[in-house]
Amino acid sequence: MTEVKVLEGKDLTRIERIGAHSHIRGLGLDDALEARKSSQGMVGQQAARRAAGVILQMIKDGKIAGRAVLLAGQPGTGKTAIAMGMAKALGEEAPFAMMAGSEIFSLEMSKTEALTQAFRKAIGVRIKEETEIIEGEVVEIQIDRPATVGAASKTGKLTLKTTEMETVYDLGTKMIEALTKQKVQSGDVVAIDKASGKISKLGRSFARARDYDAMGPQTKFVQCPDGELQKRKEVVHVVTLHEIDVINSRTQGFLALFAGDTGEIRTEVREQIDTKVAEWREEGKAEIIPGVLFIDEVHMLDIECFSYLNRALENEMAPILVVATNRGITRIRGTNYKSPHGIPIDLLDRLLIITTVPYSEEEIRMILDIRCEEEDVEMSEDAKELLTKIGKETSLRYAIHLITAASLACQKRKGKEVEIEDISRVYSLFVDVKRSTQFLMEYQEQFMFNEVPGSDDVQMME
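What you are looking at is a predicted structure, and each value in this text was computed from that prediction instead of being measured.

Remarks on the side chain of Arg-204
- Within the fold, Arg-204 resides in strand E9 (residues 199-205).
- Arg-204 gets classed as buried once you look at its relative accessible area, which sits at 6%.
- Among the polar contacts made by the side chain of Arg-204, one reaches the side chain of Asp-188 at a distance of 3.0 Å.

Right under this line is the structure:
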């Protein structure tokens, strides 16, 4: 007899992806819109956070249509963090679309189409619809299977009850299959959608609570429904305008959302959808939820995109546009003119500008504490002090990068927590921008295509 080998399957562990802003839960403001020193993952930048809080309040009151917000500041001063905080504070339903300015040039569609899609991803539609449902406790299920193969299909009866009434329903093949698939048995409380025939198990009836030991701890017990068996219920769906566009412009319907290749969507389709959504709004069937469109590195857009943004902001269905840049006075892409932040003056006029300032040493320390907790790294006080000094001298991003690297160095020497020696080791392994520039200056003759910098370039580097 041949021996059958059973392969042992490894347990799959969930990989937790820690992003640069995964610790942010909101803007960290109190009820009076005053910024707390450290709250919801946000540290420092009190003035910028207060301004963002005022804008959030305007968004909630619906008083910011046709305007946009510019977050301007040096690299590593928390611009993206503030935008993420705004999105989190708006709530789960409000859509938040995020893109980088340079993305527009790498897509296989026109720039204006890419921006239109981004705008429509940031506008949500809350659609309300009433459906008839049958809700009750299953008293009995009878399924009659034919004795011979190929005879008439299965038939059956389902008895449902509420606290006030009991009814017997005849079942067809489709319903029998649905009940079997859901493993519905007597004592379950179920809801059946009359329009689609969808069956949802709400839980076990409290009358069957004595069977708890046989059911297991994951079983949910609910009360037997009261009143009529048939009820009208309001169901709410939240979708973005872009999702409605995709579903209506493709032959395969909503499967196009998963295909990823949306391509260009015709203007006629969008116009029809806008008309329909406007009708629903008047009838009270739907309401618009303006979300947030965040464009990072906005100086990468060109003059055509900026003029499109000007026009798009005037639309009554425009989302809240938040843009961020770390540029000073620089050339507007696509022209020979210079402008603050690389943005044309006419668009700058429409923007509410929030500036971010460099972090103090105490704030850098607080951020490093939060990141150590987020990345699950134990670090001694002395090591944190050293890392704070490195952050102050070089940049906050460089200091944050060293946390995980130092943690690995600590594991290699089988240490319990990251010490000064681990920080020193990774500091010598990975150089920061200043040391890298110094190295380039020393060995510039040995590099290919090296242009010896003039006095202006040296000043820029410093």
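Next comes the rest of the account.
Some points on the confidence of the model for the chain
- Residues with a pLDDT of 70 or more make up 84% of the chain, whose mean pLDDT is 80.
- When the criterion is pLDDT under 50, residues 1-17 qualifies, and its contacts beyond four places in sequence or with other chains add up to zero contacts.

Quick notes on the packing of helix H13 (residues 396-412) against helix H14 (residues 420-429)
- It is at 8 Å that the axes of H13 and H14 come closest, and there the two elements cross at 115°. In the packing of H13 onto H14, the handedness of the crossing is right-handed. The segment H13 lies against H14, with Tyr-398, Leu-402, Ala-405, Ala-406, Ala-409 and Cys-410 engaging Asp-422, Ile-423, Arg-425, Val-426 and Tyr-427.
- Partitioning the contact of H13 with H14 into residue classes produces nine nonpolar, no polar and two charged.

Concerning the nonpolar core
- Ranked by size, the top nonpolar core spans 28 residues in total, and within it Leu-293, Ile-295, Phe-306, Leu-309, Leu-321 and Ile-343 carry the most contacts.
- Of all elements in the fold, only strand E3 (68-72), strand E4 (96-100), helix H3 (111-121), strand E13 (292-296), helix H9 (303-313), strand E14 (320-325) and helix H10 (345-348) reach the threshold of two or more residues within this core.
- Setting aside anything within four residues of it in sequence, one finds Phe-306 in contact with Val-298, Leu-301, Ile-332, Gly-342, Ile-343, Pro-344 and Leu-347.
- Judged by nonpolar contacts, the second largest core, of 26 residues, contains Met-42, Ile-55, Ile-59 and Ala-94.

Conventions used here
- Residues numbered from 1 in each chain as written.
- Predicted model: local features only at pLDDT ≥ 70, side-chain atom pairs only at ≥ 80, totals over all residues.
- Heavy atoms only, no water.
- Helix = DSSP H or I, 4+ residues; strand = E, 2+ residues; numbered from the N terminus.
- Buried < 20%, exposed > 50% of the residue type's maximum accessible area, 1.4 Å probe, protein only.
- Polar contact = N/O pair within 3.5 Å; in protein donor to acceptor, adjacent residues only side chain to side chain.
- pLDDT = per-residue confidence, 0-100.
- Contact = heavy atoms within 4.5 Å.
- Axes fitted to C-alpha atoms, helices over the stretch in contact; angles between N-to-C directions.
- Left-handed = near helix turned anticlockwise from the far one by under 90°.
- Nonpolar A, V, L, I, M, F, W, Y, C, P; charged D, E, K, R; others polar.
- Core = buried A, V, L, I, M, F, W, Y, C linked by side-chain atoms within 4.5 Å.

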